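Below are the chains, spelled out letter by letter.
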Amino acid sequence: LPRESEDDTLNIRESFIAEEGYTLLCADYSQIELRVAAELSQDPVMLNAFRNGIDLHALTAATVAGKALENVTKEERQKAKALNFGLLFGLGVDKYIQYAKLSYGVNVTYDEADRSISTWRELYSRYREYQLAQAMEGETTLRVRTPMGKLRALDPGNTYGTAMNHPVQGGAAECMLFALICLNKMFTDNKLDARLVNCVHDEVVVEAREDLVEEVKQCIETAMVNGFLRVFPNGIIRDLVEVGVGYSWAEAKKKPKKK
């Protein structure tokens, strides 16, 4: 879907509305790729942030800017989001600059990008070690696996980014797949008047009878947590799932925004 505008003049999700007597619940995994990356690499800085409810984007921004968490600006956090998600999959300076502009609307100079990438790799050094190990294994074996063992063959000469990407994206997908199985079973076993409307990457949209909202909300949260723990049995689940409720998909998706 097109990215919605700040003033809500463009929000395609407003066109999706619940049937009369029903409401929509929109739930997503909070920073799921970063959580999967943390669990796979056991990076202590990432794990500590999730364990203590620290916003990883703000932490990255604060470290890069050399300032306190509470003083991070919105633009600095946007640049940090581009860093966190882009560098998960091995972007270099030039591609990071393009990614930050196209995906997050922020301009980054070459020198700034170079310094930021170096800081990021130092901050999350254990994850960087994991990345390099994945890249080497992918180049050597031309194979890569998800956390649950799904195998992918790699093209010779084009292994670097995919070897890093596949376990993280694949792990996130596996969490969601297990969550959907669990959610469907809970709806069926409890004979709830609720149904899955859509699943988009790390997000589920459910339509439920209005008087069942709280019960269905609990089912969604439980199913998504269970899905994550199915893949990562000792995973950190604090603030893992965010659920919104509304008559339209747009309204349900609106959750309190982080600074």
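Please read these numbers as outputs of a predicted model, since none were measured by experiment. (Residues numbered from 1 in each chain as written. Predicted model: local features only at pLDDT ≥ 70, side-chain atom pairs only at ≥ 80, totals over all residues. Heavy atoms only, no water.)

Visitor: Is there a simple way to think about the overall build of the protein chain in this case?
Guide: Across its full length, the protein chain carries 10 helices and 6 strands. Rg of the C-alpha trace for the protein chain: 19 Å, near the compact-globule value of 18 Å for 259 residues, within the 12% margin. Considered along the principal axes of its C-alpha atoms, the protein chain spans approximately 55 × 45 × 35 Å. Relative to its 259 residues, the protein chain shows a buried fraction of 47%. A sequence separation of at least 24 residues applies to 62% of the contacts in the protein chain between residues at least 6 apart. Surface summary for the protein chain: the accessible area is close to 13,600 Å², and the carbon and sulfur share equals 50%. Of the charged side chains in the protein chain, 32 are positive and 38 negative; the average position of the first set lies 4 Å away from that of the second. (Helix = DSSP H or I, 4+ residues; strand = E, 2+ residues; numbered from the N terminus. Rg over C-alpha atoms; globule rule 2.2 N^0.38 Å. Buried < 20%, exposed > 50% of the residue type's maximum accessible area, 1.4 Å probe, protein only. Contact = heavy atoms within 4.5 Å. Areas by Shrake-Rupley, 256 points an atom, 1.4 Å probe, with all protein chains shown as cover. Lys, Arg positive; Asp, Glu negative; His and termini not counted. Charge placed at Lys NZ, Arg CZ, Asp CG, Glu CD.)

Visitor: Can you walk me through the sheet that holds strand β4 (residues 194–200) in this structure?
Guide: Two strands in a sheet stick together by hydrogen bonds in their backbones, pointing the same way (parallel) or opposite ways (antiparallel). One open sheet accounts for 4 strands, arranged β4-β5-β1-β6; its pairing is antiparallel. Lying at the two open borders of the sheet, with one neighbouring strand each, are β4 and β6 (241–246). Between one strand and the next, the sheet's axes are offset by a mean angle of 20°, whatever the strand orientation. The sheet strands contacting helix α9 (residues 213–231) are β1 (22–29), β4, β5 (203–209) and β6, and the helix crosses β1 at an angle near 20°. (Pairing = 2+ DSSP bridges. Axes fitted to C-alpha atoms, helices over the stretch in contact; angles between N-to-C directions.)

Visitor: Can you walk me through unusual backbone geometry in this structure?
Guide: Glycine aside, residues mostly have negative phi angles, and peptide bonds mostly take the trans form. Positive phi outside glycine occurs at Gln-42, with the angle close to 55°. What makes Gln-42 partly exposed here is its relative accessible area of 40%. A positive phi is found at Asp-239, a non-glycine position, where the angle reads about 55°. Inspection of the secondary structure puts Asp-239 in the loop between α9 and β6. On the accessibility criterion, Asp-239 (48% relative accessible area) is partly exposed.

Visitor: Would you take a moment to explain the nonpolar core for this structure?
Guide: A general feature of soluble globular proteins is that nonpolar side chains tend to end up buried together. Grouped together as the largest cluster of nonpolar side chains are 62 residues, with contacts concentrated most on Tyr-29, Tyr-96, Tyr-127, Val-216, Ile-220 and Met-224. In this structure, Leu-24, Val-205, Trp-249 and Ala-252 belong to the second largest nonpolar core, which totals 7 residues. (Core = buried A, V, L, I, M, F, W, Y, C linked by side-chain atoms within 4.5 Å.)

Visitor: Any chance you could explain the pattern of salt bridges here in plain terms?
Guide: Pairing between side chains of opposite charge can happen when their charged atoms approach one another. For the structure on display, the rule yields 9 salt bridges. The closest approach of N and O atoms between Asp-189 and Lys-185, which form a salt bridge, is 2.6 Å. Here the residue Asp-189 and the residue Lys-185 both occupy positions in helix α8 (residues 160–189), the gap between them amounting to 4 residues, near one helical turn. With a closest N to O distance of 3.8 Å, Asp-193 and Arg-209 form a salt bridge. (Salt bridge = Lys/Arg side-chain N within 4 Å of Asp/Glu carboxyl O.)

Visitor: I keep staring at a nonpolar patch on the surface and nothing clicks. Help me out?
Guide: On the surface, Leu-1, Leu-10, Ile-12 and Phe-16 cluster together into a nonpolar patch covering about 360 Å² of accessible area. Relative to the assigned elements, Leu-1 resides in the segment before β1. Here Leu-1 falls in the exposed class, since its relative accessible area comes to 59%. (Patch = residues over 30% accessible without salt bridge, like charges linked within 9 Å, V, L, I, M, F, W, Y side chains within 5 Å.)

Visitor: Honestly, the environment of Val-45 in this entry has me stumped. Any pointers?
Guide: Within the fold, Val-45 resides in helix α2 (residues 44–51). With 174 residues separating them in the primary sequence, Val-45 and Cys-219 have C-alpha atoms 31 Å apart. The contact partners of Val-45, leaving out residues within four places of it in the chain, are Leu-59, Leu-123 and Tyr-124.

Visitor: Is there a simple way to explain the pairing of β1 in this structure?
Guide: It is a general feature of regular strands that their side chains alternate between the two faces of the sheet. Burial runs high along β1: 8 of the 8 residues are buried. Here β1 shows a buried face lined by Tyr-22, Leu-24, Cys-26 and Asp-28 and a second buried face lined by Thr-23, Leu-25, Ala-27 and Tyr-29. Where β1 meets β5, 7 bridges bridge the pair, whose relative direction is antiparallel. Its bridge partner being in β5, Leu-25 is matched across the sheet by Val-206. When β1 meets β6, the two strands line up antiparallel, connected through 6 bridges. Bridge pairing in β6 links Leu-24 to Gly-246.

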